[in-house]
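So you can see what is in the structure, the chains are spelled out below.
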Amino acid sequence: MLLNWTVMILYNYFSAMFVGPGYVPLGWTPEKSQDCIYLQYCKVCQSYKAPRSHHCRKCNRCVMKMDHHCPWINNCCGYQNHASFTLFLLLAPLGCIHASFIFVMTMYTQLYNRISFGWSSVKIDMSAAKRDPRPIIPFGLSAFAASLFALGLALGTTIAVGMLFIIQMKVILTNKTSIESWIEEKAKDRIQYYQTGETFVFPYDTGSKWKNFKQVFTWSGVPEGDGLDWPVRDGCHQYSLTIEQLKQKADKRVRSVRYRAIEDYSGVCCPVTKGLKTFFTTPCTEEPRIALSKGDLILATRGLKHWMYGEKILDSAADGGIRERGWFPRKCVEKYQYDSETDQPVDGEKKNR
């Protein structure tokens, strides 16, 4: 039984790793050219981003139905490998629970057979069993320590991976991804902030958990659809989600603040020369850091107390359209005062968005 768990775990693990999430074909455009206005354009892949696809900086490709980039499989979790990745998250805790049961019963049995009860004391002799004959595998002090350590690993894996499985099942049963759940939350915040009176309805939720489940898990192992076109619920547009993404990007540009670098920053994760607070409060995220030179202009979109996240303003003709985004220490920049009316958003325009 334990070997069966191992085979199934490794099969789904390597399937998620080597099958991959599926990528949007390079140079892809929608069938109807007028639909391009509803889509974002990826300068790296030189193609439009299909609905539910996102560009992954690690894979350097636009991933179909991207959920997240997983470092443990060194690949993205997306359209093609979402089922195998989720099955791996299910089978790994089940196998660890079985292994934990074996470890607990082994230690209990072996310790029970080595206990000597006296009038005033209880002694445990790890050299040999008192009641039963010696086991096939000698169980001494080192074996007991190894079993106890393995039990801790098995229980830790059960809790950690089991929580990831629960998170994945929640988004699968609503036919979402982790990124799309975040987009939906930001849509509600945007509507509430600007009081537009809109009602955002997630277009890909069929309303039935079973139907949502079948879009990911099939008997053939191949998910439904082609990863580019998706069925939508009644009353929704094929590009409802992408239109909302465009609105959120426009809102981000309105809310962003321009900064200028006053100190050089090499782009290291934990800079020692920028102060102890900056060193110890570095963002715990896989998002990159950007190197700064004195005088660089940055468009900041969010931030922490000692760190900020933004995009470096570059000459698009010189850099070939490459964007440099990431975290940088707040200590290295100051607000950039500029007078150009074209650079400064008008208050009336911001209120009307």
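Given the structure is predicted, the values throughout are model-derived calculations rather than measurements.

Participant: Can you help me understand the overall build of the chain in this one?
Facilitator: Within the chain, the secondary structure is distributed over nine helices and 13 strands. Counting the 353 residues in the chain, one finds 39% classified as buried. Within the chain, contacts between residues at least 6 apart in sequence are counted, and of these 62% link residues at least 24 apart.

Participant: Before we go on, may I ask you to explain a nonpolar patch on the surface in this structure?
Facilitator: A contiguous nonpolar patch, built from L2, F101, I102, V104, M105, Y108 and Y112 and spanning about 670 Å² of accessible area, is present on the exposed surface. The element that contributes the greatest number of residues to the nonpolar patch is helix α2 (residues 82–112), accounting for six residues. Of note, F101 is situated in helix α2. Its relative accessible area of 54% is what places F101 among the exposed residues.

Participant: Explain the environment of T157 to me, please; I cannot follow it from the model alone.
Facilitator: Within the secondary structure, T157 is located in helix α3 (residues 141–173). When the C-alpha atoms of T157 and I97 are compared, they prove to be 9.3 Å apart, with 60 residues separating the residues in sequence.

Participant: How do you make sense of the pairing of strand β10 (residues 297–303) when you look at a structure like this?
Facilitator: Regular strands place side chains that alternate from one sheet face to the opposite one. Bridge analysis of strand β9 (residues 257–261) against β10 gives four bridges, and the strand direction is antiparallel. Looking across to β10, one finds that R260 is bridged to L297. Summarising the sheet, β10 and strand β11 (residues 307–312) pair through five bridges and their orientation is antiparallel. Among the inter-strand pairings, I298 is bridged to a residue of β11, identified as K312.

Participant: Honestly, the side chain of T282 in this entry has me stumped. Any pointers?
Facilitator: You can see T282 is positioned in the loop between α7 (276–280) and β10. Residue classification places T282 among the buried residues on the basis of a relative accessible area of 14%. Setting aside residues up to four positions removed in sequence, T282 forms contacts with C269, C270, R289 and W307.

Participant: Would you mind showing me how to read a positive patch on the surface here?
Facilitator: Together, R57, K249, K252, R253 and R325 line one region of the surface with positive charge. When residues in the positive patch are grouped by element, the largest group, three residues, is from helix α6 (residues 240–255). Position of R253 relative to the elements: it lies in helix α6. Overall, the relative accessible area of 56% leaves R253 in the exposed class.

Participant: Help me understand the packing of aromatic side chains, please; the structure alone is not making it clear to me.
Facilitator: In this description, a pair of aromatic rings is defined by centroid distance and the angle of the planes. What the rule picks out here adds up to 13 aromatic pairs. Ring centres of Y38 and Y239 lie 5.6 Å apart, and the angle between their planes is 20°; this geometry places the pair in the stacked category. With Y38 in the loop between α1 (2–19) and β1 (41–42) and Y239 in the loop between α5 (209–216) and α6, this pair connects stretches of sequence that are 201 residues apart. By relative accessible area, which is 27% here, Y38 ends up partly exposed.

Participant: What exactly am I supposed to notice about the packing of α2 against α3 here?
Facilitator: The geometry of a pair of packed helices is captured by two quantities: the angle between their axes and the separation between those axes. Here α2 crosses α3 at 150°, and the two axes come no closer than 8 Å. Compared by their axis directions, α2 and α3 come out roughly antiparallel. The way α2 lies across α3 gives a crossing that is left-handed. Partitioned by chemical class, the residues of the contact of α2 with α3 number 22 nonpolar, eight polar and no charged.

Participant: It is not clear to me how unusual backbone geometry should be interpreted in this structure. Could you clarify?
Facilitator: A negative phi angle is the norm for most residues apart from glycine, just as the trans form is the norm for most peptide bonds. Despite not being glycine, K65 shows a phi value in the positive range, around 50°. With a phi angle near 55°, N175 is a residue other than glycine that sits in the positive phi range. Along the chain, the position of N175 falls in the loop between α3 and α4 (178–194). Its relative accessible area of 1% is what places N175 among the buried residues.

Participant: How should I be thinking about the sheet that holds β9 in this particular structure?
Facilitator: Either a parallel or an antiparallel arrangement is found when strands of a sheet pair, and the pairing is made through backbone hydrogen bonds. Sheet architecture is open: five strands sit in the order β12-β11-β10-β9-β13, paired in antiparallel fashion. A single partner strand is all that each edge strand has here, and the edge strands are β12 (325–329) and β13 (333–335). Sheet twist, expressed as the average angle between the axes of neighbouring strands with direction ignored, equals 45°.

Cut-offs used in this document
Residues numbered from 1 in each chain as written. Predicted model: local features only at pLDDT ≥ 70, side-chain atom pairs only at ≥ 80, totals over all residues. Heavy atoms only, no water. Helix = DSSP H or I, 4+ residues; strand = E, 2+ residues; numbered from the N terminus. Buried < 20%, exposed > 50% of the residue type's maximum accessible area, 1.4 Å probe, protein only. Contact = heavy atoms within 4.5 Å. Patch = residues over 30% accessible without salt bridge, like charges linked within 9 Å, V, L, I, M, F, W, Y side chains within 5 Å. Areas by Shrake-Rupley, 256 points an atom, 1.4 Å probe, with all protein chains shown as cover. Salt bridge = Lys/Arg side-chain N within 4 Å of Asp/Glu carboxyl O. Pairing = 2+ DSSP bridges. Lys, Arg positive; Asp, Glu negative; His and termini not counted. Charge placed at Lys NZ, Arg CZ, Asp CG, Glu CD. Phe/Tyr/Trp six-rings, centres within 6.5 Å; stacked < 30°, edge-to-face > 60°. Axes fitted to C-alpha atoms, helices over the stretch in contact; angles between N-to-C directions. Parallel < 35°, antiparallel > 145°, perpendicular 65-115°, else oblique. Left-handed = near helix turned anticlockwise from the far one by under 90°. Nonpolar A, V, L, I, M, F, W, Y, C, P; charged D, E, K, R; others polar.

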